Structures are given as C-alpha cells and as structure tokens.
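# Examination of the molecular architecture
These are the residues of each chain, in order.
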Amino acid sequence: MGNYFKKAAEKIYCDAKKDGRLIEGKTLDEYKELAIQQEGVIQTNLGSVAADSEPMSRSAPHTKNSVDDPFGQEEEALAAQAVECLSQEKVVCLDTIVGDGRDGVTARFIMPDTYAQIAYGVKLLFEDTPAARVVEAPTYTIIFFSNDAFEPNKFKKLIDKDVAIRLWMGDKRGDQVKICRNSTYVGEAKKGIFQFESWRVKKIDKLGVFLHSGARVDHLWIYDLETERPELQERVAGVSGLTATGKTTTLCRKLAKLPKETSEMIGDDGGTLGFDGSYAAFEQGGLYIKTEGLDESQPEILRAVLSPDTFLENVAISRYPYIPDFKDVSKTGNGRAVIRRDNIGLASKSLRVDRIDYIFILTRNPLANVIARLTPEQATMQFIYGESIESTGGDPDQAGKFKRVFFLDPFIAGDRLEHAKLFYNIIKKNRIKCYLANTGTIGENEEKVTLRQSLSSYSDILRIQLRFGSEPDHLGYHHPIKSDRANMDYMIAYPKFNDKELLKRKVRDFLKGRQMFLEGFEAEWGSIPDNIRESLPYRPDQIDFSFLEKESLGHIE
C-alpha cells in the first residue's frame, strides 16, 4: 500500500509553492503578525496572542493511527480531500526541529493562512529561536484543513462532530504524516509530534521507550553514610501522568532550599527513556500548559504566561483592554497556553540528562496514599493499569471520571505488552526507583492533597529522608511511615476511612475493575509475565485486611 498521506502532503506543498500561494520561512514576529490578522484572533493588552480553537480539546474519539487501525478507502478519501480543500487557499507552512536537533528530527506543519495562529503557537513550542527555518525533507508532517462541516460542528458535542484525525506511522523516518480535518486545536499539532516520536524511538530507531513524562534535576545536600557528612548530589526525577494531574506544576517548583542547592526543569510532557537510563525531552521552545485556575500559587508558570511572547488558546479574555482571566472557565475547563522556556526561571538549558534516578507516577484516586514505593514489577504493572481521571483536555464530556489508560499515554501505538516489557527491562537494568503519587483527593471525605504535601514527599525521597513500611497496605503498596518534611497525618489513605467496611467495599470494587481491565488486556495483547502481573493485587481475595486492626504496618526498612 502506497503512502498516500505522504503524497498528499508533498502535493499540497509543491502546488502551493508553484502557484505562489505558499507562505513559509517566516520569523516568529512575522508568524505573530500574520496570526493577529485573522478573524477571531486578538492581541491582548500584555502583547500575547489569544484565539479560540474548534473543538476546544483533542478529538480523541475521532483519532486513529495506521498501526492499530486498518487504513483504507476512508483515509485515502481524507488525503484527497485535504489536497482539494487546500488547492485554492493560501497555505502557511512552518518547519521546525524536534528536540534539541541532535537526533536529526524535523517537522513540517501545513495549514490555510486563516489558521496562522496554529503556526505561531507551534513555533513558540518547538523552536528556541525566533529566526526563520525551512527544511528540505521533514521527518514528520502535520496537515490542518476544514470543510463545510466546520461551522456546524461548533454547536455539537465532541463525540457528534464531523472531525477526522488520522496518523500514518510508517516503517522508516519521513513516512509519518498526520491529517487533521476540522480541528484548529494546537494540541493536535503537539500530540502528533508526541506520537510520532514515541513510534520512532521504539520501532524505527530502537532507542528505548517514549514516556508521557517530564523530568527535573535537583542538586541537593544529602547525608552520605560513607563520608558521614552532607554532600551536594544530583538527583534526576521523571514525573509521569495524564493531562491535569499536576506534571507541569510538580516540575516547575523549586525543591532547592539550602545554599548552593539548585532545581531545574528538563521537560514537562514527554521524552525518551533510553536503554541506558538516559532521558531526552522533545520540546525545545516552550511548554503547552493548562491555565485553569492559574494564580500566584504557581509563580513560575504565572510569570511566564503573562509574558508578551505567549499564545493563549481557549482562555477567557476580557473586553478591551483584553486581559486574560484564568479563573473564568465558563468557556471551557481546557484553557491552554504556550509559554517560552526562556521565561521560566527553572528551565534547564539542556533537554537531556545522562540518567534518570527516580520516576514518580501521578494518579488521582482517593484510595491511594500521597506517596507509595513501588518495586520494578509494581511500577510496570501500575503503568499497565494507568489509573487516573479523565480531564477536559482529553474528553470534556467525561472529565472527572475514573479511567484507565495504558502507561498514562493515550498516544502509544503497536504492541502494548512489548512496550511494558521494554520499560521493565530499562528500570530493572538501570535501578531506577519508582513511586506512585496521588495528586487528587484522599480518604473517605476526599480531602484535597495539597501541593505542599506532595512536594514535601518528593523532597524527602530525593534527600533519602522518607521511610516506608515493610508490609503491603490495602492496595498492596508500601506506604510511608516516617518523614522529615511531610505531615504523616495526611500521607496515608486507610486511616482516613473511619468506616472500615466502606474502605473494604471500595477496595473490592476497585480491584474488580482492575481484574476486568487485566482480562481484556491479556486477551488482546497476551499474558503478562507472572512476576509482573502478580506484583499488585487484582482480586479482592489477594488483600488481607487484618492489618487494619494493627497499630503498625511493620518495621522501618
């Protein structure tokens, strides 16, 4: 089967160039000027660019890729339609590098000039220079276009919209093309690169696995048992989680408190976990963040969002003088901003680190402790279960509902079991320590887990000042029993259930859900190795609730 997506992309580009309809090789300021000329796009009083997208989230229900879904006449017609619809338009073309350029990966974004705000947002996100760039043979191509259904779509729920998002994955570099019909959401551009990188890293270049995970590096004073004195040591932590679970907030806060200590953010959304334990982020220019409720409690991010070189998407803007209001979510709970790394004081100059020491897996589950230690087998199984909640960035109609997403990553393509085994081998070989962190609510009354509490637990782990019990708790995890900074009264879930019978019922229901997911997963992808599958309970009879009668869950390890 010929790659008709790639042929369509080349024809759109070449025809527009031949006809004098192609706008390419512009600087950041030129893309900005072009963007604010379009209907519905405004320049705020701060100097930033603001626009609404249609739809106001990713079109997850309308997305397919050529690995997991057979492509045929429908996709061939989509490619032909993209060529036809863009044949009479002025076409904006933006070329960028992906990552820091060391992997030789580039991307081309093609769209009608009426969608020029997408080009501006994407250049902010992927380029660390305002200079113009044109590449000869892009590794990835992403095409945006719309047809007559675009306007009527605005009055429909996401599931009912006439939207088509298709990704051709391919067997070699350069095959990768994404076509987006009737979406102007910048997140489709970003996540297209995300998914193509995931495929390249695992199946084409065979470098490791791509995780839905940011990373941070901290240099902290840590007591060394051999020298019997504090030593300034480097600790690198990956932070993985679904949209709206607190990845960016966690990565952009200082843990450094003492003289000479430092904290830096490497990347905030995704990156390559190499077979050698290394990590490389993929966005050189900026971060694509949620703005819902953004305030002074997140100073680094707020300062960056209020910069003039920011792109605001689906954010409430006041009437003249056009000031963004992050507390107003009447338009959508999925307000977004592309902010520059240069405007974040904690942003590292590099997108790479030689090795990851820790991985924090973020979840939102009232049954889960604020922090729990995981063995390599448990960490792999936790990623397979992918337990969290839906957000407005995925499917707004399901926002807030519990869900399971394999590896907390809705963009993985291909054999899921192979992916899990690769991850397990990497963390086992490189002795990467893993933890489960609950950033939602905890206990019977679903008390909010505060950012202060979460950061205190992360800091204690990095400083080797948090101790865990030796026996499993109500979900099979090893929970904390001694901490220097975090308040232990708010760390553990089971004491926050006064009604122990209610706790037992909730745990049983939770594990039944796990068992159903596990049965479906293994039916589709094959049997998980026993040592991994049995590392976390998935049946109610695997939990011994007698520990609830004890005062302690074991000695300190």
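Let us look at the structure shown here. (Residues numbered from 1 in each chain as written. Predicted model: local features only at pLDDT ≥ 70, side-chain atom pairs only at ≥ 80, totals over all residues. Heavy atoms only, no water.)

## A look at the overall build of the protein
Put simply, the rule reads: We count a stretch as a helix when DSSP gives it H or I for four or more residues in a row; a strand needs E for two or more, and each element gets its number in order from the N terminus. Every radius of gyration here is taken over C-alpha atoms, with the globule rule written as 2.2 Å times N^0.38, N being the number of residues. The classification of residues rests on relative accessible area computed with a 1.4 Å probe and restricted to protein chains. Under 20% of the type maximum is buried, over 50% is exposed, and intermediate values are partly exposed. We call two residues in contact when some of their heavy atoms are within 4.5 Å. Neither His nor the chain ends is counted toward charge; the positive residues are Lys and Arg and the negative residues Asp and Glu. Here the site of a charge means atom NZ of a Lys, CZ of an Arg, CG of an Asp or CD of a Glu.
The number of helices and strands found in the protein is 13 helices and 30 strands. The C-alpha atoms of the protein give 24 Å as radius of gyration, which agrees with the globular expectation for 557 residues (24 Å, within 12%). Summarising its shape, the C-alpha atoms of the protein cover approximately 75 × 55 × 45 Å along the three principal directions. Scored against the burial criterion, the 557 residues of the protein give a buried share of 59%. In the protein, once contacts between residues fewer than 6 apart in sequence are set aside, the share between residues at least 24 apart is 74%. Distance between charge centroids for the protein: 1 Å, based on 77 positive and 85 negative side chains.

## Examining a nonpolar patch on the surface
Let me state the cut-off plainly: Patches in this entry comprise residues that are over 30% relatively accessible and not in a salt bridge; like charges within 9 Å are linked, as are nonpolar side chains (Val, Leu, Ile, Met, Phe, Trp, Tyr) within 5 Å. All accessible-area figures derive from a Shrake-Rupley calculation using a 1.4 Å probe, and residue coverage is judged against the displayed protein chains alone. The term salt bridge refers to a pairing of a side-chain nitrogen on Lys or Arg with a carboxyl oxygen on Asp or Glu at a separation within 4 Å.
A cluster of nonpolar side chains, namely W221, L232 and L258, defines an oily patch on the protein surface of about 240 Å² accessible area. Note on L258: relative accessible area 42%, which makes it partly exposed.

## Thoughts on the pattern of salt bridges
Under the counting rule described, the total for this entry stands at 40 salt bridges. In this structure, K504 engages E501 in a salt bridge whose closest nitrogen and oxygen atoms are separated by 3.4 Å. Taken together, the positions of K504 and E501, both in helix α12 (residues 500-525) and 3 residues apart, correspond to about one turn of that helix. With its nearest N and O atoms 2.9 Å apart, the salt bridge here joins R533 to D530. Of this pair, R533 and D530 both sit in helix α13 (residues 530-533), 3 residues apart, which is roughly one turn of the helix. Given a relative accessible area of 12%, R533 falls into the buried group. Taking the relative accessible area as the measure of exposure, D530 reaches 52% and is therefore exposed. One network of salt bridges, with partners in common, ties together D100, D103, R173, E197, R200, D205 and R352.

## Examining the packing of helix α1 (residues 4-18) against helix α3 (residues 73-85)
Packed helix pairs are specified by the crossing angle of their axes together with the interaxial distance, meaning the distance between the axes. Here is the rule: As a rule, the C-alpha atoms of each element are fitted with a line to give its axis, helices using only the stretch in contact, and angles between N-to-C directions run from 0 to 180 degrees. Comment on the angle field: the value is read as roughly parallel under 35 degrees, roughly antiparallel over 145, roughly perpendicular from 65 to 115, and oblique elsewhere. Side-chain classes follow a simple rule in which Ala, Val, Leu, Ile, Met, Phe, Trp, Tyr, Cys and Pro form the nonpolar group, Asp, Glu, Lys and Arg form the charged group, and the remainder, Gly included, forms the polar group.
Where α1 contacts α3, the two axes come as close as 9 Å, and the packing angle between them is 5°. Judged by the inter-axis angle, α1 sits roughly parallel to α3. Two secondary-structure elements touch here, α1 through Y4, F5, A8, K11 and I12 and α3 through E75, E76, L78, A79, A82 and V83. Tallied by class, the residues present in the contact of α1 with α3 amount to 8 nonpolar, no polar and 3 charged.

## Description of the sheet that holds strand β6 (residues 106-112)
Paired through backbone hydrogen bonds, the strands of a sheet run either parallel or antiparallel to each other. What counts, and what does not: The rule for pairing is simple: two strands pair if DSSP sees at least two bridges between them.
The strand order across the open sheet built from 7 strands is β1-β5-β6-β7-β9-β8-β4, with neighbouring strands paired in mixed fashion. Bordering the open sheet on either side are β1 (22-24) and β4 (63-65), each of which pairs with just one other strand. For this sheet, the mean angle separating the axes of adjacent strands, direction not counted, is 15°. In the sheet, strand β5 (residues 91-97) pairs with β6 via 7 bridges, with the strands oriented antiparallel. The residue of β6 that forms the bridge with V92 is M111. Of the strands in this sheet, β1, β5, β6, β7 (140-145), β8 (164-168) and β9 (176-181) are in contact with α1, which crosses β1 at around 95°. Strands β7, β8 and β9 of the sheet are contacted by α3, whose axis makes an angle of about 75° with β9.

## Considering the environment of S535
We count it as follows: Two N or O atoms form a polar contact when they lie within 3.5 Å of each other; inside protein one atom must be a possible hydrogen donor and the other a possible acceptor, and for residues adjacent in sequence the pair counts only when both atoms belong to side chains.
Residue position: S535 is located in the segment after α13. Residue class for S535 comes out buried when judged on its relative accessible area of 17%. Setting aside chain neighbours within four positions, we find S535 in contact with E377, Q378 and M381. A distance of 3.2 Å separates a polar side-chain atom of S535 from the backbone oxygen of E377.

## Some points on the nonpolar core
Selection criterion: We define a nonpolar core as any set of buried Ala, Val, Leu, Ile, Met, Phe, Trp, Tyr and Cys residues linked to one another through side-chain atoms lying within 4.5 Å.
I359 and I371 are the most contacted members of the largest nonpolar core, which has 99 residues in total. Among the elements that take part in this core, helix α10 (residues 416-429) stands out by supplying 7 residues, more than any other. Once residues lying within four places of it in the same chain are set aside, the contact partners of I371 are F360, Y435, L436, A437, S457, Y458, I461, L466, F468, H479, P480 and M491. Grouped together as the second largest cluster of nonpolar side chains are 49 residues, Y31, A107, I142 and L167 included.

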